[in-house]
Amino acid sequence: MLMHIDLNSCFATIEQQANPLLRGKPLVVAAYSTPNAFILAPSIEAKVLGIKMGMRVRDAQAISSRVVVRSPDPPKYRDVHKKFRKIFDSYSPDVTPKSIDEAIIDFRPMKNLNPDLVSIAKEIKARMKSEIGEWIRCSIGISTNMFLAKLGASLHKPDGLTVIDHTNLLEIYKNTELLDFCGINVRYKVRLNIGGIHTPLEFFHATSEHLEKRVFRSVLGRYWFKKMRGFEADQKDFPTKSIGHQYALQKPTDDPQILARLIMKLCEKMGRRVRKKGYIAHGIHMWFSYRDRTSWHRGRLVNSNLYTTLDLYRHAMSICNAQPEQKVITHMGVSCYHLTEYNNNQLSLFEEESVKAKNVATAADKLNDIYGEFTVVPGLMMNMDSTILDRIAFGGIRDMENFF
């Protein structure tokens, strides 16, 4: 009763849908258009040539001189996400987006209607082509839990449809590898190998006690025992524990004025998300990677409520100034944590300055919602429209929550 839907080569496919001249060509969406930039999404045609996510643009161009490079266009991707989410919502009240390009439809609330999920999957594929675009393709997996549904969606890309149940479960395991499983990385594969498990079939036949006490040495082993047999052991969602942003500097620098402006913009992006979600933060964390391949980070809990961009920026700069050495920075990130839900009583009526700052931040957010991101910004962020561009993470959906 669970269906996992995965939009194939999401960003690249959306670019090809938007521009018919790009269809059928090896296309990559990269963080930037420079040769050293990392590839975020290769098209299906690029994957056939051996071009993979995480490669650098120059390496892809070495494989094929025909590779077309595009920079990300987040508003376009969000628009497609909203459209396919609208399609999914018409089939069940229980839809869980897992990322910008993946979602799970739980049909258990509809079980009394005896839905034919295979027919529904084919209908969804047709609707995505007719309502979003003829170049849009998705792979769908159907099974009894989220783990197997996702595995099914990964088996026959692009445009696959796989049902995994008791009739073909062992056959599926026989024809897959441990690293094909979502949640099994190289480190966990080593643990399994040490525990005498080298194939998915051996994983399936291992006892719960062996997995819990010998392999994973935690309750995770018991969860895997259940998941491998089609029982649900994954949470659909997790509470937000932190909110943050990171940035790879196009021009590494140790200039304090440039860094201060970058940190301000990161704090503004972070602050907007904190306020939209209705939180107040009580901790701030920053990290830096340097050109000499070293790194440094520090987190700090504070006694005050962190709500406005200026609150976040002041404490972030305090951590930035605590760096033991002033070195050339290539990457940086800021996040806030120890989040609590905001309520009007948290800002005392007698703290006039705090109340004013809160009202200004709220008013600025409303204007930015109406007229576009960064229409109203702190003075330090003037003329930074092309710096720290809008980005969407593949692995998470939290920045999409405000669109529904």
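Fair warning: this is a prediction, and the values are worked out from it, not measured in the lab. Here, residues in each chain are numbered from 1, in the same order as that chain's written sequence. With pLDDT at 70 or above as the cut-off, local features in this predicted model cover only qualifying residues; side-chain atom pairs require 80 or more to be listed or tallied, and sums for whole chains, interfaces and linings still use all residues. The side-chain numbers reported here are obtained from all heavy atoms of the structure, hydrogens and water having been left aside.

Draft legend 1. Inspection of the pairing of strand E6 (residues 102-106) at higher detail. Exposure classes here rest on a 1.4 Å probe applied to the protein chains alone. A residue is buried below 20% of its type maximum, exposed above 50%, and partly exposed in between. Secondary structure elements follow DSSP: runs of H or I no shorter than four residues count as helices, runs of E no shorter than two count as strands, and numbering proceeds from the N terminus. Counted residue by residue, E6 has five buried out of five residues, so it is predominantly covered. The side-chain alternation of E6 yields two buried faces, one formed by Glu102, Ile104 and Asp106 and the other by Ala103 and Ile105. Pairing between strands is defined by DSSP: at least two bridges between them are needed. Relative to E6, strand E1 (residues 2-7) runs antiparallel, the two being bridged by five bridges. Its bridge partner lying in E6, aspartate 6 is registered against glutamate 102. Pairing analysis gives four bridges linking strand E5 (residues 95-99) to E6, with the strands arranged antiparallel. Each residue of the ladder has a partner; that of proline 97, found in E6, is alanine 103. Taking the residues that link successive antiparallel strands as the turn, the E5-E6 hairpin has two residues.

Draft legend 2. Just the sheet that holds strand E2 (residues 27-30), in detail. The three strands are arranged E3-E2-E4 in an open sheet whose pairing can be described as mixed. Bordering the open sheet on either side are strand E3 (39-42) and strand E4 (68-70), each of which pairs with just one other strand. Each strand axis lies, on average, 30° off the axis of its neighbour in the sheet, ignoring direction. Pairing geometry for E2 and E3, over three bridges, is antiparallel. Note on method: axes are straight lines fitted to C-alpha atoms, helices fitted across the in-contact stretch only, with angles between N-to-C directions ranging 0 to 180 degrees.

Draft legend 3. Region of interest: the packing of helix H4 (residues 74-89) against helix H5 (residues 117-131). One way to put it is that H4 packs onto H5 with a least axis distance of 11 Å and a crossing angle of 140°. Considering their axes alone, H4 and H5 lie oblique with respect to each other. Relative to H5, H4 is oriented so that their crossing is right-handed. Between H4 and H5, the residues in contact are Lys83, Phe84, Ile87 and Phe88 and Ile124, Arg127, Met128 and Glu131, respectively. The scheme is simple: roughly parallel for angles under 35 degrees, roughly antiparallel for over 145, roughly perpendicular for 65 to 115, oblique for anything else. Throughout, a crossing is termed right-handed when the near helix is turned clockwise from the far one, and left-handed when it is turned anticlockwise from it by less than a right angle. We call two residues contacting when some pair of their heavy atoms lies within 4.5 Å.

Draft legend 4. Highlighting the pattern of salt bridges. One speaks of a salt bridge when a side-chain nitrogen belonging to Lys or Arg is within 4 Å of a carboxyl oxygen belonging to Asp or Glu. By the definition in use, this model includes 15 salt bridges. Close ionic contact of glutamate 131 with arginine 127 constitutes a salt bridge, the shortest N to O distance being 2.7 Å. Here glutamate 131 pairs with arginine 127, and both are found in helix H5, just four residues apart, close to one helical turn. The partly exposed category is assigned to arginine 127, whose relative accessible area is 22%. Each of Glu15, Asp73 and Lys76 takes part in one network of salt bridges that share partners.

Draft legend 5. Here's a closer look at helix H13 (residues 309-320). In this model, H13 (12 residues) spans 16 Å end to end at C-alpha, consistent with the 16 Å of a helix rising 1.5 Å per residue. Within H13 the residues assigned to the buried category are Thr309, Leu312, Tyr313, Ala316, Met317, Ile319 and Cys320. Projected down its long axis, H13 shows its buried positions confined to an angular sector of 155°, all on one face. Lining the buried residues of H13 we find helix H12 (256-276), strand E10 (279-290), strand E11 (295-306) and strand E12 (329-337). Working rule for helices: expected span equals 1.5 Å times residues minus one. Arc, as used here, means the arc of the directions from the helix axis to the C-beta atoms.

No statement about biological role is implied by the geometric values presented.
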